[in-house]
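An overview of the molecular structure
Spelled out from the first residue to the last, the chains are:
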Amino acid sequence: MEGNADPEHGLMTGESYQQNMQIDPSRARFPCCIVWSPLPVISWLVPFIGHIGICREDGVILDFAGPNFVCVDSFAFGSATCYIQVNKEQCCTSPYLSAFDGEDEYQPNEQGRESLTWDDALRKSTQEFQHRSYNLFTCNCHSFVANNLNRLGFNSGGWNVVNLAAFVFLKGHWVSKASMLRTFLPFVIVNFLGFAFGGLTYLTFLAFFTFLLVGWFLLGTYCFQNLIQL
């Protein structure tokens, strides 16, 4: 059995890992992050609803974008405008394994059970969703990210499309001021024009549309639990 590990090697490994975890929006690299971008039309009316993805340890974005299709390094609706970097210490992945290490992907944890790396957990969810049909109302990009977070055990799991959307909207960080403008400017313009030409009729439509859309996901998540897939 070997003695104490080389402290200099450990320091270098730690520094290398910190460098690899740096967020770089110019290269669309968001290590261990949840990323979000607005959707055409829908986000113009309801700005807290958009497209979402999750990133590998090297920052590459994965997002469920269509039937049997998970995009890799090509966010489906343009560059990310908002992100949250997940604290790996709040996950059930092994803290001793990383995609940057040259070690095996699996290792028993303290209880003797198999521990996964962050990237391996994402790989398993990706393989699962590559055999799923896409449906905006029952199996969408939020389903994919919630599946990943539950597999990672982030904050003890229990993620669904509703609490995930709220988490990103309330806790997310804007990539830049321009990204914030890209998200809210269409909403402001559409609603200004809608109210200017439609008045109360437009506001009634907007309220009804928002109520139906949000209500569907609330009912599908908390009342009919098999309706929205995770």
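Residues numbered from 1 in each chain as written. Predicted model: local features only at pLDDT ≥ 70, side-chain atom pairs only at ≥ 80, totals over all residues. Heavy atoms only, no water.

**Topic: the overall build of the protein chain**
Scanning the protein chain for helices and strands turns up seven helices and eight strands. When burial is assessed residue by residue, the protein chain has 42% of its 230 residues classed as buried. Restricting the contact set of the protein chain to residue pairs at least 6 apart, pairs at least 24 apart contribute 62%. In the form shown here, the protein chain has an accessible surface area of approximately 13100 Å², with 60% of it arising from carbon and sulfur atoms. (Helix = DSSP H or I, 4+ residues; strand = E, 2+ residues; numbered from the N terminus. Buried < 20%, exposed > 50% of the residue type's maximum accessible area, 1.4 Å probe, protein only. Contact = heavy atoms within 4.5 Å. Areas by Shrake-Rupley, 256 points an atom, 1.4 Å probe, with all protein chains shown as cover.)

**Some words on the sheet that holds strand E5 (residues 82–85)**
Two orientations exist for strands paired in a sheet by backbone hydrogen bonds: parallel and antiparallel. Sheet architecture is open: six strands sit in the order E4-E3-E2-E1-E5-E8, paired in antiparallel fashion. The open sheet terminates on both sides in strands that have one partner only, identified here as strand E4 (69–72) and strand E8 (173–174). Of the pairings in the sheet, the one linking E5 to E8 comprises two bridges and is antiparallel in character. Across the sheet, residue Cys 82 finds its bridge partner in E8, namely Trp 174. Of the strands in this sheet, strand E1 (33–38), strand E2 (50–55), strand E3 (61–66) and E4 are in contact with helix H4 (residues 141–152), which crosses E2 at around 30°. (Pairing = 2+ DSSP bridges. Axes fitted to C-alpha atoms, helices over the stretch in contact; angles between N-to-C directions.)

**What about a nonpolar patch on the surface?**
A contiguous nonpolar surface patch, about 530 Å² in accessible area, is contributed by Leu 136, Phe 137, Trp 216, Leu 219, Phe 224 and Leu 227. Tracing the chain through its elements places Leu 136 in the loop between helix H3 (118–129) and H4. We classify Leu 136 as partly exposed; its relative accessible area is 33%. (Patch = residues over 30% accessible without salt bridge, like charges linked within 9 Å, V, L, I, M, F, W, Y side chains within 5 Å. Salt bridge = Lys/Arg side-chain N within 4 Å of Asp/Glu carboxyl O.)

**Let's talk about unusual backbone geometry**
In the Ramachandran plot, Val 41 falls in the positive-phi region, its phi being about 70° despite a non-glycine side chain. By the secondary structure assignment, Val 41 is in the loop between E1 and helix H2 (42–45). One non-glycine residue, Asn 68, adopts positive backbone phi at about 55°. Turning to its location among the elements, Asn 68 is positioned in the loop between E3 and E4. Exposure remark for Asn 68: the relative accessible area of 43% places this residue in the partly exposed category.

**Structural notes on the packing of helix H5 (residues 161–171) against helix H7 (residues 200–222)**
Where H5 contacts H7, the axes come no closer than 8 Å and their chain directions differ by 125°. By the angle between their directions, the pair H5 and H7 is classed as oblique. Each of Val 161, Val 162 and Asn 163 in H5 lies in contact with H7, whose residues at this interface are Phe 217, Leu 218, Thr 221 and Tyr 222. Each residue belonging to the contact of H5 with H7 can be placed in one class, and the counts come to five nonpolar, two polar and no charged. (Parallel < 35°, antiparallel > 145°, perpendicular 65-115°, else oblique. Nonpolar A, V, L, I, M, F, W, Y, C, P; charged D, E, K, R; others polar.)

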